[in-house]
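One letter stands for each residue in the lines below.
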Amino acid sequence: LAKTTQPISMDSYEGQEVNITCSHNNIATNDYITWYQQFPSQGPRFIIQGYKTKVTNEVASLFIPADRKSSTLSLPRVSLSDTAVYYCLVGEGGSPGGYNKLIFGAGTRLAVHP
Amino acid sequence: DTAVSQTPKYLVTQMGNDKSIKCEQNLGHDTMYWYKQDSKKFLKIMFSYNNKELIINETVPNRFSPKSPDKAHLNLHINSLELGDSAVYFCASSLGTSGRTSRLQETQYFGPGTRLLVL
């Protein structure tokens, strides 16, 4: 599975837009890019997933350039409750049997300040 | 209406003891997982079961034995606990529909974690 590189930590203020970039130079053709969020003392939670270009949902946007060697998670107008660790994962999905293995990196610790 | 639940939430025990952690999901998913998160916050997959069948078994000591009595439950039994087993253990589940042809990564739903401290 492709290895990912993210900043260890980031700081922001309430109301700002936060962009977290993940590098995955060895991404394979079949690989998808997925982001999870983990609050302290909780399990990770799925945020967004994409393959190319741009994906947007009610929580975030994911920007993927044409070469797919990086991706950027964009959180609009963050609040204090967005303080968490954000993980970028790259890998292909499961077999038709339906199972897949997620490889988590160190993640990016986002701290949102008042 | 908890989707993925784990018990106990906290577990403090002595070295050499045997302990179990239980996991249940009410999402109707076919696939369940166990992850270990160490003190450096790295999350590593340990096991995965699809419809009660073991499908992923990472390099985990034999002291760890998962058991899936049905597809809604995946329990983790740990024999002869060691200091290095201290960590947070997360259970997760995903749809895992058999016959699915999409290679899209399935969303995994995680439980709240079990904090194990071995003294």
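Draft legend 1. Quick look at the overall build of chain A. A tally of regular secondary structure across chain A gives zero helices and nine strands. Counting from the amino terminus, helix and strand elements in chain A follow one another as β-β-β-β-β-β-β-β-β. By the burial criterion, 46% of the 114 residues in chain A qualify as buried. Of the roughly 5,500 Å² of accessible surface on chain A, 51% is carried by carbon and sulfur atoms.

Draft legend 2. Main features of the pattern of salt bridges. Residue and element names in this part refer to chain B. Going through the model one piece at a time under the given rule, you end up with three salt bridges over all chains. Between Asp-30 and Lys-71 there is a salt bridge; the shortest N-O distance is 2.8 Å. With Asp-30 in the loop between β3 (19-25) and β4 (31-37) and Lys-71 in the loop between β7 (64-70) and β8 (73-78), the pair connects residues that are 41 residues apart, well separated along the chain. Where Arg-63 meets Asp-85, a salt bridge forms, and the shortest distance between an N and an O atom there is 2.8 Å. Taken together, the residues span a long stretch of sequence, with Arg-63 in the loop between β6 (53-57) and β7 and Asp-85 in the loop between β8 and β9 (87-94) at a distance of 22 residues. In this structure, Arg-63 and Asp-85 share a single accessibility class: buried.

Draft legend 3. View of the packing of aromatic side chains. Going through the model one piece at a time under the given rule, you end up with 10 aromatic pairs over all chains. A ring pair is formed by Tyr-32 of chain A and Tyr-51 of chain A, whose centres lie 5.2 Å apart and whose planes are at 55°; its orientation type is tilted. Taken together, the positions of Tyr-32 of chain A in strand β3 (residues 32-38) and Tyr-51 of chain A in the loop between β4 (45-50) and β5 (53-56) put the pair 19 residues apart, joining distant regions of the chain. Residue classification places Tyr-51 of chain A among the partly exposed residues on the basis of a relative accessible area of 28%. Measuring from ring centre to ring centre gives 5.1 Å for Tyr-35 of chain B and Phe-110 of chain B, while their planes differ by 45°; the resulting arrangement is tilted. Taken as a pair, Tyr-35 of chain B in strand β4 and Phe-110 of chain B in strand β10 (residues 109-110) lie far apart in primary sequence, 75 residues in all. Given a relative accessible area of 12%, Phe-110 of chain B falls into the buried group.

Draft legend 4. Layout of the sheet that holds β5 of chain A. Residues and elements named next belong to chain A. Strand order in the open sheet made by the four strands is β2-β7-β6-β5, with antiparallel pairing throughout. Two strands in the sheet have a free side with no partner beyond their single neighbour: β2 (18-23) and β5. Taken over all neighbouring pairs, the strand axes of this sheet differ in orientation by 15° on average, direction set aside. Bridging between β5 and strand β6 (residues 61-64) involves four bridges; their strand directions are antiparallel.

Draft legend 5. Main features of the side chain of Arg-63 of chain B. Residue and element names in this part refer to chain B. Take Arg-63: its relative accessible area is 15%, and that puts it in the buried class. From its side chain, Arg-63 meets the backbone oxygen of Ser-80 in a polar contact 3.2 Å long. What Arg-63 contacts, discounting residues up to four positions off in sequence, is His-77, Ile-78, Asn-79, Ser-80, Leu-81, Glu-82 and Asp-85.

Definitions and cut-offs
- Residues numbered from 1 in each chain as written.
- Chains lettered and ligands numbered in written order.
- Predicted model: local features only at pLDDT ≥ 70, side-chain atom pairs only at ≥ 80, totals over all residues.
- Heavy atoms only, no water.
- Helix = DSSP H or I, 4+ residues; strand = E, 2+ residues; numbered from the N terminus.
- Buried < 20%, exposed > 50% of the residue type's maximum accessible area, 1.4 Å probe, protein only.
- Areas by Shrake-Rupley, 256 points an atom, 1.4 Å probe, with all protein chains shown as cover.
- Salt bridge = Lys/Arg side-chain N within 4 Å of Asp/Glu carboxyl O.
- Phe/Tyr/Trp six-rings, centres within 6.5 Å; stacked < 30°, edge-to-face > 60°.
- Pairing = 2+ DSSP bridges.
- Axes fitted to C-alpha atoms, helices over the stretch in contact; angles between N-to-C directions.
- Polar contact = N/O pair within 3.5 Å; in protein donor to acceptor, adjacent residues only side chain to side chain.
- Contact = heavy atoms within 4.5 Å.

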